[in-house]
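The residues making up each chain are set out below.
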Amino acid sequence: MASEQDVRARLQRVGQEHLLRFCAELEPGPRATLLAELESLEPEALREHCQRAAAACARPPGPPPDLATRLRPLPPERVGSVSRSDSERRRLWEEEGFRQIALNKVAVLLLAGGQGTRLGVTYPKGMYQVGLPSGKTLYQLQAERIRRVEQLAGERHGVRCTVPWYIMTSEFTLGPTAKFFKQHDFFRLDPDNVVLFEQRMLPVVTFDGKAILERKDKVAMAPDGNGGLYCALAEHQILEDMERRGIESVHVYCVDNILVRLADPVFIGFCVLQGADCGAKVVEKAHPEEPVGVVCQVDGVPQVVEYSEISPEIASLRAPDGGLLYNAGSICNHFFTRSFLQEVTRKFEPLLKPHVAVKKVPYVDEEGNLVRPPKPNGIKMEKFVFDVFQFAKNFVAFEVLRDEEFSPLKNADSADRDSPTTARQALLAQHYRWALKAGARFVGAQGARLPELPSSGEPPAVFEISPLVSYCGEGLEVYLQGREFQSPVILDENGVRALDP
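Residues numbered from 1 in each chain as written. Predicted model: local features only at pLDDT ≥ 70, side-chain atom pairs only at ≥ 80, totals over all residues. Heavy atoms only, no water.

(A) Up close: the overall build of the protein. Within the protein, the regular secondary structure consists of 15 helices and 24 strands. Its C-alpha radius of gyration of 24 Å places the protein within 12% of the 23 Å reference for a compact globule of 501 residues. In terms of principal-axis extent, the alpha carbons of the protein reach across some 80 × 55 × 45 Å. The contacts of the protein with a sequence gap of at least 6 include a subset with a gap of at least 24, amounting to 75%. (Helix = DSSP H or I, 4+ residues; strand = E, 2+ residues; numbered from the N terminus. Rg over C-alpha atoms; globule rule 2.2 N^0.38 Å. Contact = heavy atoms within 4.5 Å.)

Rendered as C-alpha cells:
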C-alpha cells in the first residue's frame, strides 16, 4: 500500500489534498482504510471527473435550443405493439421467444444498485415488501417469474432449460443482496445461475469541483448510474460468462417495477424476429406532462429524451390519430443481443456522456463535524443504460399495456404515485382481472356479487396469484372456472386458500 506521503503528493497534483485533512488524527485502522480508498483513485481520472462534474453542473438546465427541429418519432416500422397487433402475430412472437428460452439462449439482467432511501429504508429496493398477503418481496416475485417462464418454455419444447439471472449491485447493495438470497435459498433457483456483480462507485463532488468527505475517513461515493452496467460487464467478465453459457439475448430491467415480465417471450420473440440488436419496451404516455423519458429519434438516431428536455409545446403535439406524437414512454426495460453488448463495452462505452444529479450529501466540515445539508450540495455523475441506443444498427421499440406491465416503486406512501400502495394495487388489480377472465366470481361478506374492476385504487377483492402458478394469466381456468370466492384469497402452488379478512 502507498504511504501517506505518496497519496498526499498524488492528491496535491490534482487539487484534492483536502481529502487528507483529518488523516493525522485517525486511528491506524481507519487511516489505512482511507489511504487504500484514495490510492485506488487514479489522480488524473479524479481530476477529470471533478472538473467535468463542476462544468456540467454549471451549464444552464433545460433543452438544447435546437432540439425541436431535430426531434422525430420512431418510424412505425420499428415499433411493435401488444394492443395494436393481431393474435396471430402475438402468437408468433411468443412462440419464437419460448423457442429461444428453451434453447438456453436468453438471460435476464437486473439493475439493482439503488437503495430504498426514498422509501424510507436503508436496504436494497429488491428486499422491499409492498404489503401483499403473501409478504413476498420484489426479489421473490422476480425469481418466481423466472422459474415459471423456464417451466413454460420447457413444457412447450420437452426440455429442461435455464434463464440465468445476472444482478448488478453496488457497494451499498451487494452484501445485503447476497445475504438475502442465501437466507432464502435463492428462491429455489440454482445458485450457479444467479450471478451477482458490482458496478463502479464515483466520488461525489461539490459545485466548485472538490470531492466530498462524508466522514473523516471516507470519501462520499455514489454508483455510476445504471449506465455503469457497461463498465461493470467488462470488469467482471460477465459477457464472457454469457458466451460460455450460449446466451445470445439479454433482457435488462430495473428492480422497482412490480409488474415486470422477466424474459418476456413476446418481447424476446418480437426483437429476435425483427433482427434487432437493441430494443426497448415502452408504454403510452398518460398525458403530455407525465415525467417519463420519451423514446424517439434525434437527428435520425434512436435515444431517450428526458421529459425535462422537451418543451410543453412539443410534448403536447398530436399525431394524425389524435394520440400524442411523442407518446413512447421509457420504462427501463430493454433487449440487447450479447454481441451488441460486447461491441458497446469494447468500442462505445467511453463515448457515453455522464448526466448530472444534484443531491443532498452529508459531509464533514472544516472542524470535522458531520453536516446534513438542508439543500443539495453535491454532484453525482451518472450514465444511463439507454444511452447506448444511438449505437444500435437495428433498434426497435415494443409498446405494452401499462396496467399489465408497468408500476414502479419509487416513493414512500406519503406520495400520491409510484408508492408501495400504488404498486400493491397494480399487482392485485392485475390478478383480479386475470381471475375474472378465468371464470372466477367474487362475493362480499353478505354474499352479493362484487363489481368489475374500478379504474383506479384498490380492487374489489384481494386475490393474489403466485408467479409459480401463472406468468401472465395463463392456466388459471383449472383452479377458478365457475368457482366463487370471498376476499382475501391466495392462489399458489399448493392451490387456492382463503385468508382471514
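Next comes the rest of the account.
(B) Structural context of the packing of aromatic side chains. Counted under the stated rule, the structure contains 20 aromatic pairs. Geometrically, the ring pair formed by Tyr139 and Phe180 is tilted, given 6.0 Å between the ring centres and 45° between the ring planes. Of this pair, Tyr139 sits in helix H6 (residues 138–157) while Phe180 is found in helix H7 (residues 174–183), placing the two residues 41 residues apart along the sequence. The same class applies to Tyr139 and to Phe180, which are both buried. Taken together, the aromatic side chains of Tyr139, Trp165, Phe180, Phe181, Phe186 and Phe187 make up a single cluster linked through ring pairs. (Phe/Tyr/Trp six-rings, centres within 6.5 Å; stacked < 30°, edge-to-face > 60°. Buried < 20%, exposed > 50% of the residue type's maximum accessible area, 1.4 Å probe, protein only.)

(C) Inspection of the state of the cysteines at higher detail. Within the structure shown, the criterion is met by zero disulfides. With no disulfide of its own, Cys50 lies closest to Cys57 among cysteine sulfurs, the gap being 13 Å. When its relative accessible area of 1% is taken as the criterion, Cys50 is described as buried. Not engaged in a disulfide, the cysteine Cys472 finds its nearest cysteine sulfur in Cys161; these two sulfurs lie 15 Å apart. (Disulfide = S-S within 2.5 Å.)

(D) Broad picture of the pairing of strand S19 (residues 395–399). The buried fraction of S19 amounts to five of the five residues, a majority that puts the element mostly inside the structure. Burial along S19 is two-sided: Phe395, Ala397 and Glu399 and Val396 and Phe398, pointing in opposite directions, are all buried. Bridging between strand S2 (residues 79–81) and S19 involves three bridges; their strand directions are parallel. Residue pairing in the sheet places Gly80 in a bridge with Phe398 of S19. Summarising the sheet, strand S11 (residues 278–284) and S19 pair through five bridges and their orientation is parallel. By the bridge assignment, Gly279 is partnered in S19 with Val396. (Pairing = 2+ DSSP bridges.)

(E) Broad picture of the pattern of salt bridges. Scanning the model with the defined rule gives 37 salt bridges in all. Taking the shortest distance from any N to any O, the salt bridge between Arg99 and Glu96 comes out at 3.1 Å. Linking Arg99 with Glu96, this pair stays in helix H5 (residues 87–102), spanning three residues, or about one helical turn. For Arg99, a relative accessible area of 38% puts it in the partly exposed group. The closest approach of N and O atoms between Glu458 and Arg424, which form a salt bridge, is 3.4 Å. One end of the pair, Glu458, is in the loop between strand S20 (441–443) and strand S21 (463–465); the other, Arg424, is in helix H14 (residues 420–437), with 34 residues separating them in the sequence. Through salt bridges with shared partners, one network takes in Arg261, Asp264, Lys281, Glu404, Glu405 and Arg433. (Salt bridge = Lys/Arg side-chain N within 4 Å of Asp/Glu carboxyl O.)

(F) Main features of the side chain of Asp277. Along the chain, the position of Asp277 falls in the loop between helix H10 (265–273) and S11. Lys393 provides the closest opposite charge to the buried, salt-bridge-free Asp277, at an N-O distance of 5.3 Å. A polar contact of 2.8 Å, which involves the side chain of Asp277, links it to the backbone nitrogen of Lys393. Residues contacting Asp277, with those up to four places away along its chain left out, are Phe335, Phe336, Thr337, Phe340, Ala392, Lys393, Asn394 and Phe395. (Lys, Arg positive; Asp, Glu negative; His and termini not counted. Polar contact = N/O pair within 3.5 Å; in protein donor to acceptor, adjacent residues only side chain to side chain.)

(G) The arrangement of unusual backbone geometry in detail. Residue Pro488 is bonded to the preceding Ser487 through a cis peptide linkage, with omega at 0°. Relative to the assigned elements, Pro488 resides in the loop between strand S22 (484–486) and strand S23 (489–492). Even without glycine at this site, Phe186 takes up a positive phi of about 55°. Note that Phe186 resides in the loop between H7 and strand S5 (194–198). A positive phi angle, near 50°, is found at Phe187, a position not held by glycine.

(H) Just a nonpolar patch on the surface, in detail. The grouping of Phe207, Val356 and Val358 at the surface amounts to a nonpolar patch, some 220 Å² of accessible area in total. Mapping Val356 onto the fold places it in strand S15 (residues 355–359). For Val356, a relative accessible area of 33% corresponds to the partly exposed category. (Patch = residues over 30% accessible without salt bridge, like charges linked within 9 Å, V, L, I, M, F, W, Y side chains within 5 Å. Areas by Shrake-Rupley, 256 points an atom, 1.4 Å probe, with all protein chains shown as cover.)

(I) Just the nonpolar core, in detail. If you look at the biggest cluster of nonpolar residues, it comprises 43 residues, and the most contacted ones within it are Ile101, Val108, Leu110, Tyr139, Trp165 and Phe181. If you list the elements that add at least two residues to this core, you get H5, strand S3 (106–111), H6, strand S4 (165–169), H7, H10, strand S14 (328–337) and S19. Not counting residues within four places of it along the chain, the set of residues in contact with Phe181 comprises Tyr139, Trp165, Ile167, Phe186, Phe187 and Val194. Ranked by size, the runner-up nonpolar core spans 41 residues in total, among them Val195, Tyr230, Ala280 and Phe348. (Core = buried A, V, L, I, M, F, W, Y, C linked by side-chain atoms within 4.5 Å.)

(J) Molecular detail of the packing of helix H9 (residues 238–245) against helix H12 (residues 338–348). In contact at an axis separation of 10 Å, H9 and H12 are set at 155° when each is read in the N-to-C sense. As summarised for this structure, H9 and H12 are arranged roughly antiparallel, according to the angle between their axes. For the pair H9 and H12, the sense of crossing is left-handed. Between H9 and H12, the residues in contact are Leu239, Met242 and Glu243 and Arg338, Leu341, Gln342 and Thr345, respectively. Of the residues that constitute the contact of H9 with H12, the class distribution is three nonpolar, two polar and two charged. (Axes fitted to C-alpha atoms, helices over the stretch in contact; angles between N-to-C directions. Parallel < 35°, antiparallel > 145°, perpendicular 65-115°, else oblique. Left-handed = near helix turned anticlockwise from the far one by under 90°. Nonpolar A, V, L, I, M, F, W, Y, C, P; charged D, E, K, R; others polar.)

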